[in-house]
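What follows is each chain in one-letter form.
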Amino acid sequence: MIAALVDELRVTLAERIRTGSTELGLYARDASNIGGSAGAVCFPISTEEVQMCLRAAHRHKVPFVARGAGTGLAGGATPLDDALVVVMTTMNRVLSVDPINRLAWVEPGVLNLDLSRQVAHHGLHFAPDPSSQQSCSIGGNVANNSGGPHCLSDGVTASHILGMEVVLSDGSLVQLGGTEAEPFGLDLRGAFVGSEGMFGIATKICVRLTQNAPAVRTMLMDFASVEDGAQTVSAIIAAGMVPAALEMMDQLCVQAVEAYIHADLPVDAAAVLLVEVAGLPHGVEADVARIIAIGNAHGARSVRIAQDEAERALLWKGRKSAFGAIARIKPNYYLHDTVVPRRMLPQVLRQVYEITERHQLQVLNVFHAGDGNLHPLLVFDKREPGVMERVLAAGEEIVRASVDAGGVLSGEHGIGLEKRDFMPMMFGPADLAAQGAMRRAFDPAGLANPFKVLPSPAACGDVQHVPEGAWV
Amino acid sequence: MTDLAPFADAVGSDGAVTITGLGTRGGPIAGVRCVSAPSGIDSVQPDEMIVCCGAGTPVNEVKAALATHGQRVAIPSTGTIGGALAVGHSDFRRLGDGPIRDVLLQARYVSAAGEVVKAGGPTVKNVSGFDLCRLLVGSRGTLGFLGDVILRTRPIAPHSQWFSAPTTEPYACFARLYRPISVLWDGATVWVLLEGHKTDVADQAATAGVQPCAGPPALPTGSRRVIPPADVARLTGSFVAEVGVGVVHHADAWTPPTPDARAVELERALKNEFDSTGRLNPAV
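This one's a predicted model, so the numbers in the text were calculated from it and none came from an experiment.

Draft legend 1. Local environment of the overall build of chain B. The secondary structure content of chain B amounts to eight helices and 16 strands. Relative to the globule expectation of 19 Å for 284 residues, the C-alpha radius of gyration of chain B, 20 Å, shows essentially globular dimensions. On the principal axes, the C-alpha backbone points of chain B span a range of 60 × 45 × 35 Å. Within chain B, the fraction of its 284 residues that count as buried is 56%. Taking as baseline every contact in chain B between residues at least 6 positions apart, the subset at least 24 positions apart corresponds to 62%. Working note: accessible area of chain B is about 10,900 Å², and carbon and sulfur atoms make up 53% of it. Averaging the locations of the 24 positively and 26 negatively charged side chains of chain B gives two centres separated by 3 Å.

Draft legend 2. Layout of the domain arrangement of chain A. Residue and element names in this part refer to chain A. In terms of domain boundaries, chain A breaks down into domain 1 (94-211), domain 2 (215-324) and domain 3 (330-404). In this structure, domain 1 and domain 3 have C-alpha centres spaced 30 Å apart. Contacts between the two partners involve four residues from domain 1, matched on the other side by four residues from domain 3. With both sides pooled, the region where domain 1 packs onto domain 3 buries about 260 Å², and carbon together with sulfur makes up 58% of that total. For the pair domain 1 and domain 3, the interface holds zero salt bridges. Seen at the junction of domain 1 and domain 3, the total is zero residue pairs in polar contact (both at pLDDT 80 or more). When its residues are assigned to classes, the side of domain 1 that touches domain 3 shows three nonpolar, one polar and no charged.

Draft legend 3. How the structure looks around the confidence of the model for chain A. Within chain A, residue pLDDT values average 93, and 97% of them lie at 70 or more. Below pLDDT 50 for its whole length, residues 458-472 of chain A participates in 41 contacts with residues either more than four positions away or in separate chains.

Draft legend 4. Up close: the pattern of salt bridges. Following the criterion strictly, the structure yields 42 salt bridges over all chains and no others. Notably, a salt bridge pairs glutamate 107 of chain A with arginine 93 of chain A, separated by 2.8 Å at the nearest N-O pair. Taken together, the positions of glutamate 107 of chain A in the loop between β6 (103-106) and α4 (112-119) and arginine 93 of chain A in the loop between β4 (83-87) and β5 (94-98) put the pair 14 residues apart, joining distant regions of the chain. Linking glutamate 247 of chain A and arginine 319 of chain A is a salt bridge whose minimum nitrogen-to-oxygen distance equals 2.6 Å. Of the two residues, glutamate 247 of chain A sits in strand β13 (residues 245-250) while arginine 319 of chain A sits in helix α11 (residues 309-320), which places them 72 residues apart along the sequence. Note on arginine 319 of chain A: relative accessible area 1%, which makes it buried. Look at the salt bridges and you will find they share partners, linking Arg72, Arg93, Asp97 and Glu195 of chain B into a network.

Draft legend 5. Structural detail: the sheet that holds strand β8 (residues 145-152) of chain B. Residue and element names in this part refer to chain B. Taken in spatial order, the five strands of this open sheet run β3-β4-β8-β6-β7, and their pairing is antiparallel. At either end of the open sheet lies a strand with only one pairing partner, and these are β3 (41-45) and β7 (116-120). Put simply, the sheet's adjacent strands are angled 10 degrees from each other on average, direction ignored.

Draft legend 6. Region of the structure containing the environment of methionine 49 of chain B. Within the secondary structure layout, methionine 49 of chain B lies in the loop between β3 and β4 (50-54). C-alpha separation for the pair methionine 49 of chain B and proline 282 of chain B, spaced 233 residues apart in sequence, amounts to 36 Å. Discounting residues that sit within four places of it in the chain, methionine 49 of chain B has contacts with Ile237, Val242 and Arg342 of chain A together with Gln71, Leu151, Arg152, Thr153 and Pro155 of chain B.

Draft legend 7. Region of interest: the confidence of the model for chain B. Across chain B, the average pLDDT comes to 96, with 100% of residues at 70 or higher. Scored by ipTM, the complex comes to 0.97, with pTM at 0.96.

Draft legend 8. Up close: the packing of aromatic side chains. Enumeration according to the criterion identifies six aromatic pairs over all chains in this entry. A centroid spacing of 6.1 Å and a plane angle of 80 degrees characterise the contact between tyrosine 171 of chain B and phenylalanine 174 of chain B, whose relative ring orientation is edge-to-face. Taken together, the residues span about one helical turn, with tyrosine 171 of chain B and phenylalanine 174 of chain B both in helix α6 (residues 170-176) at a distance of three residues. A relative accessible area of 11% places tyrosine 171 of chain B in the buried class. Connected via pairs of aromatic rings, a cluster forms that spans Phe199 and Phe442 of chain A together with Phe130 of chain B. Directly above the ring of phenylalanine 174 of chain B sits arginine 102 of chain A, whose terminal nitrogen or CZ lies 4.5 Å from the centroid.

Draft legend 9. Just the interface of chain A and chain B, in detail. Counting from both sides, the interface comprises 93 residues of chain A and, opposite them, 69 residues of chain B. The tally of links between chain A and chain B comes to nine salt bridges. In this structure, the salt-bridge partner of aspartate 371 of chain A is lysine 125 of chain B, at a minimum N-O distance of 3.6 Å. Counting residues per element, the ones that place at least two in the side of chain A that touches chain B are α6 (151-154), β9 (173-177), α7 (188-192), β11 (210-211), α8 (226-238), α10 (281-297), α15 (423-426) and α16 (429-442) of chain A. For the side of chain A that touches chain B, the leading source of residues is α16 of chain A, giving ten residues. Taken together, the residues of the side of chain A that touches chain B break down into 46 nonpolar, 31 polar and 16 charged.

Draft legend 10. Here's a closer look at the sheet that holds strand β10 (residues 201-208) of chain A. Residues and elements named next belong to chain A. Read across the sheet, five strands follow the order β5-β6-β10-β8-β9 without closing on themselves; strand pairing throughout is antiparallel. Since the sheet does not close on itself, it has two edges, and those belong to β5 and β9, each with one partner. Mean inter-strand twist for the sheet, computed between neighbouring axes without regard to direction, equals 10 degrees. Bridge analysis of β5 against β6 gives four bridges, and the strand direction is antiparallel.

Draft legend 11. Structural context of helix α14 (residues 387-404) of chain A. All names here are of chain A. Compared with the 26 Å implied by 1.5 Å per residue over 18 residues, the 26 Å span of α14 between its first and last C-alpha is a close match. Residues of α14 that are buried include every one of Val387, Val391, Ala394, Gly395, Ile398, Val399, Ala401, Ser402 and Val403, and no others. The elements touched by buried residues of α14 are β16 (332-335), β17 (338-339), α13 (345-358), β19 (373-374), β20 (376-380) and α15. Downstream of α14 by a residue or two, glycine 406 has a phi angle that is positive, lying close to 90 degrees.

Draft legend 12. Fine view of the pairing of β10 of chain A. Residue and element names in this part refer to chain A. With six of eight residues buried, β10 is to be regarded as a mostly interior element. Here β6 runs beside β10; their pairing, made up of four bridges, is antiparallel. Note that in β10 the partner of alanine 104 across the bridge is valine 207. Pairing geometry for strand β8 (residues 161-167) and β10, over six bridges, is antiparallel. Counted as the bridge partner of valine 167 is isoleucine 201 from β10.

Draft legend 13. Layout of the packing of α8 of chain A against α13 of chain A. Residues and elements named next belong to chain A. α13 packs onto α8 with a crossing angle of 145 degrees between their chain directions and a minimal axis gap of 9 Å. Helix-helix and strand crossings are classified by hand; for α8 and α13 the assignment is right-handed. Here Val226, Glu227 and Ala230 of α8 come into contact with α13, specifically with Leu345, Pro346, Leu349, Arg350 and Tyr353.

Draft legend 14. Spotlight on the domain arrangement of chain B. Residue and element names in this part refer to chain B. Entries for chain B in the domain assignment read domain 1 (5-155) and domain 2 (159-250). Each partner contributes residues to the interface: domain 1 has eight residues there, and domain 2 has 14 residues. For the pair domain 1 and domain 2, the two sides together bury roughly 930 Å², of which 62% comes from carbon and sulfur. For the domain 1 face of the interface with domain 2, the top three residues by lost area are Phe92, Arg93 and Leu95, together amounting to 68%. At the boundary of domain 1 and domain 2, one finds one salt bridge. Glutamate 195 is paired through a salt bridge with arginine 93; the nearest N and O atoms lie 2.9 Å apart. Its residues assigned to classes, the side of domain 1 that touches domain 2 shows two nonpolar, three polar and three charged.

Calculation criteria
- Residues numbered from 1 in each chain as written.
- Chains lettered and ligands numbered in written order.
- Predicted model: local features only at pLDDT ≥ 70, side-chain atom pairs only at ≥ 80, totals over all residues.
- Heavy atoms only, no water.
- Helix = DSSP H or I, 4+ residues; strand = E, 2+ residues; numbered from the N terminus.
- Rg over C-alpha atoms; globule rule 2.2 N^0.38 Å.
- Buried < 20%, exposed > 50% of the residue type's maximum accessible area, 1.4 Å probe, protein only.
- Contact = heavy atoms within 4.5 Å.
- Areas by Shrake-Rupley, 256 points an atom, 1.4 Å probe, with all protein chains shown as cover.
- Lys, Arg positive; Asp, Glu negative; His and termini not counted.
- Charge placed at Lys NZ, Arg CZ, Asp CG, Glu CD.
- Domains from an automatic or database assignment.
- Buried area = accessible area lost by both parts, 1.4 Å probe.
- Salt bridge = Lys/Arg side-chain N within 4 Å of Asp/Glu carboxyl O.
- Polar contact = N/O pair within 3.5 Å; in protein donor to acceptor, adjacent residues only side chain to side chain.
- Nonpolar A, V, L, I, M, F, W, Y, C, P; charged D, E, K, R; others polar.
- pLDDT = per-residue confidence, 0-100.
- Pairing = 2+ DSSP bridges.
- Axes fitted to C-alpha atoms, helices over the stretch in contact; angles between N-to-C directions.
- Phe/Tyr/Trp six-rings, centres within 6.5 Å; stacked < 30°, edge-to-face > 60°.
- Lys NZ or Arg CZ within 6 Å of the ring centre and 35° of its normal.
- Expected span 1.5 Å × (residues − 1).
- Left-handed = near helix turned anticlockwise from the far one by under 90°.

Here you go:
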């Protein structure tokens with residue numbers, strides 16, 4: 001099947017469809033620990049070519065997987081069963097910018113940070129800012145409904161997508177929304193965002209751009225206990241403030257980061273909070289004063305306010321370097337992503353420490369505290385016999401503890417393959433059937449990124465795929 | 001959580017059925033058996049910025065309960081929560097608040113089969129599965145009848161003030177403002193709603209050249225048009241337009257543009273999946 005498909009597509013795509021072992025190996029996985037198998041890899045440069053690829057795949061009954069930069073952490077872009085990988089990174093133009101109404105049409109391969117850089121001279125940016133924003137694509141952001149530290153005040157990707165041009169799995173083209181705010185009919189674009197490549201491939205995306213804040217204050221507070229830090233987070237929100245970002249790092253994480261970037265971070269603190277307030281100057285200063293008072297009332301040992309842009313950048317570098325810094329501790333890591341109600345943060349963090357200690361694993365916590373979005377980072381050396389089993393077992397317990405605390409499976413990484421079989425922790429059979437119905441309406445043939453998100457039998461297929469490295 | 005079993009029993013699994021709240025958005029379909037969703041606030045959780053309530057709860061009841069905690073919810077102040085979500089129209093604060101579809105975090109609804117189905121989850125950040133909540137908002141009760149919901153709330157700003165100025169060029173004013181809550185324009189006058197710290201609000205108004213005023217203008221009710229925001233400058237007739245959004249309240253009737261044919265097919269496919277016999281709010 002795949003050979004005939006490749007022969008057909010090669011007529012038009014020539015060098016832009018590849019079946020060499022290097023390409024097939026490269027595109028057999030995303031940034032998760034889960035490997036799959038690619039049958040062919042193609043690089044379309046236009047909507048018409050994407051249509052041609054999907055029409056042919058449909059005719060040959062070959063599944064396909066859309067892929068952006070491949071930074072996903074849940075196996076969402078990992079191809080299974082020798083699927084056709086459709087790489088969207090060559091469709092990377094910003095098509096138009098309307099700085100007055102603050103929106104832009106872009107191709108899906110545009111990198112997240114590149115878009116913000118290209119509209120910076122208008123005083124605008126694209127608000128979702130995943131930690132991978134230097135390398136992740138807008139198309140991938142749409143597929144995963146990506147978040148980031150600044151989504152606390154500005155919302156996740158779904159709040160910043162106005163419309164899309166989408167190629168469905170039969171190769172047909174459909175407009176979902178546009179620049180209009182609330183078009184008549186069902187909100188198909190809202191349904192498409194976060195569909196993890198299982199509803200079709202977006203080839204043009206209309207994004208909302210956000211005004212840069214005139215005033216920004218960034219501060220670091222440190223605490224003698226994780227509980228004090230977590231209670232400060234809840235108290236800030238309950239006091240009626242929504243900071244631009246509210247991030248927490250625990251002691252092991254601070255120590256790793258400090259050894260890496262030398263930012264004079266308090267390495268003896270149990271937890272530090274990075275708080276950013278943005279907006280108009282008087283409101284920002286008033287909020288900063290109230291936040292410091294709340295921190296002090298909850299036992300903050302010190303408050304460091306960035307004095308200039310360089311110091312602000314350094315504090316953020318500390319937060320965003322966590323994943324590089326851990327290489328000093330162990331060579332491998334497994335990053336988790338769950339959300340809990342803010343008031344449950346102290347309890348669930350205690351459970352995370354207890355679980356990892358029981359499994360003899362080291363854990364660093366660096367996370368979006370304002371959203372209750374935990375990111376326990378398990379560090380290990382996979383050459384140690386039996387360590388992967390302990391990592392996976394601890395991970396499952398962390399997910400279960402989060403859901404039991406009234407939380408959800410994933411805040412921004414998505415379900416993909418990684419958490420597919422955990423979906424029943426949150427959803428009953430009727431709930432999963434409704435999600436399966438959405439999928440069938442968009443892709444009756446079941447060829448778009450099959451076997452992700454929905455556990456069988458809600459998925460369109462009866463084969464239970466469990467690739468190596470997936471959690472089971 | 002609300003007990004949805006009696007509501008599910010009332011919806012049943014057979015025969016045409018319609019739903020009504022307070023009847024402010026057109027009411028139930030005539031001649032069809034009618035049900036109502038449960039009413040009542042289950043919990044207000046200010047430190048989680050959420051409120052949980054029955055879909056039949058009046059919007060103003062929810063707003064009053066939230067106000068005692070200094071919070072609000074971005075839903076138009078008429079009728080019930082369920083009705084507002086089912087119709088899916090944001091109000092004139094959409095520019096600053098974002099669309100109503102961003103407010104619904106979790107819904108439990110009764111399906112065409114009479115089953116209680118959960119969509120979404122209780123936290124603001126959540127990408128666990130497909131976004132069924134966004135599909136439900138604006139679906140006019142054709143995919144399922146909302147039973148209870150968890151909504152995202154926001155703090156009430158310390159200061160809120162309307163301003164206005166005569167102008168035929170609303171974009172000059174719009175460009176000078178930082179994240180205004182609302183900018184309305186009728187072809188001759190611009191009205192601006194600013195919120196935040198009192199001094200910031202005054203400074204912004206001075207920068208934009210607008211003067212304090214009593215409030216927004218009355219919105220014409222002939223049609224609620226949704227147009228590309230760039231087309232607002234070309235409007236004619238008697239209207240009040242939401243600048244930067246493209247929602248236009250016009251005195252004259254309007255026929256919306258024909259939607260993309262393939263999108264209409266997708267809508268039919270979704271309806272067929274969720275309610276193959278067309279029993280929920282038939283002919284809507």
